[in-house]
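# Report on the structure
Below are the chains, spelled out letter by letter.
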Amino acid sequence: MNCYSSSDPAAENATIVYDFNVHQGDFWSRGVEDVQDQPLPHCSSTSLPRETQCTVCLDKVVYAVCRKLKDDVVLTMEALERHIKISKSDCPKLLSDAAPQWLLPAAIAFLMLGLILGVCLYLRHKGQKTQTPQEAGSCSLTDVQQETPLTGSS
């Protein structure tokens, strides 16, 4: 990951991040109308950017967090068509730096399933020990005679 930051207050109005050397394709952008309606997200609630792109977030200063940038990239940020001074920095803590959000519920579900299965196996084993041979499914001649009434021939 490559991270850049700017302490310029105007950076909060950032609208585009791109490579100064390449005039096509932006690493990140948002519309001018979004600047007023949607402030930059806090970095702790922001996920890692997609491949070869950046995400911009706020954590005391404005960060541009990028994945897999080439060494010759000159990262440039603009806010309402004004260049913003941005420099390499340490990366902020992002949401995706924490454990995956699905991990805890999956672990709990797995433990509950194991507990239920264990209780079922215990009860089944305990039930087999306390049953009489007839209850356990063994069959004797007296059982058959008791269950099948003999009918006389007329």
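Placed above this text is the structure.
Residues numbered from 1 in each chain as written. Predicted model: local features only at pLDDT ≥ 70, side-chain atom pairs only at ≥ 80, totals over all residues. Heavy atoms only, no water.

### Digging into the sheet that holds strand E2 (residues 14–19)
Rule in force here: DSSP bridges decide pairing: two strands pair if at least two such bridges lie between them. Secondary structure elements follow DSSP: runs of H or I no shorter than four residues count as helices, runs of E no shorter than two count as strands, and numbering proceeds from the N terminus.
Read from one edge to the other, the open sheet built from 4 strands follows the order E3-E2-E6-E7, with strand pairing classed as antiparallel. Of all the strands in the sheet, just strand E3 (28–29) and strand E7 (82–84) have a single pairing partner and so form its edges. Here E2 runs beside strand E6 (residues 75–79); their pairing, made up of 5 bridges, is antiparallel. Looking across to E6, one finds that Asp19 is bridged to Leu75.

### Overview of the state of the cysteines
Test applied: Here, a disulfide means two cysteine sulfur atoms that sit within 2.5 Å of each other.
Under the definition given, this model contains 3 disulfides. Bridging Cys43 to Cys57, the disulfide has an S-S length of 2.1 Å. Its torsion about the S-S bond being 90°, the disulfide of Cys43 and Cys57 is classed as right-handed. Remark: Cys57 occurs in strand E4 (residues 54–59) and Cys43 occurs in the loop between helix H1 (32–37) and E4; sequence separation between them is 14 residues.

### Quick word on the sheet that holds strand E5 (residues 61–66)
Taken together, 4 strands build an open sheet; the order of strands is E4-E5-E1-E8 and the sheet is antiparallel. Among the strands making up the open sheet, the edge pair consists of E4 and strand E8 (87–88). Note that strand E1 (residues 2–6) and E8 share 2 bridges and pair antiparallel. Within E8, the position partnered with Ser5 by the bridge is Ser87.

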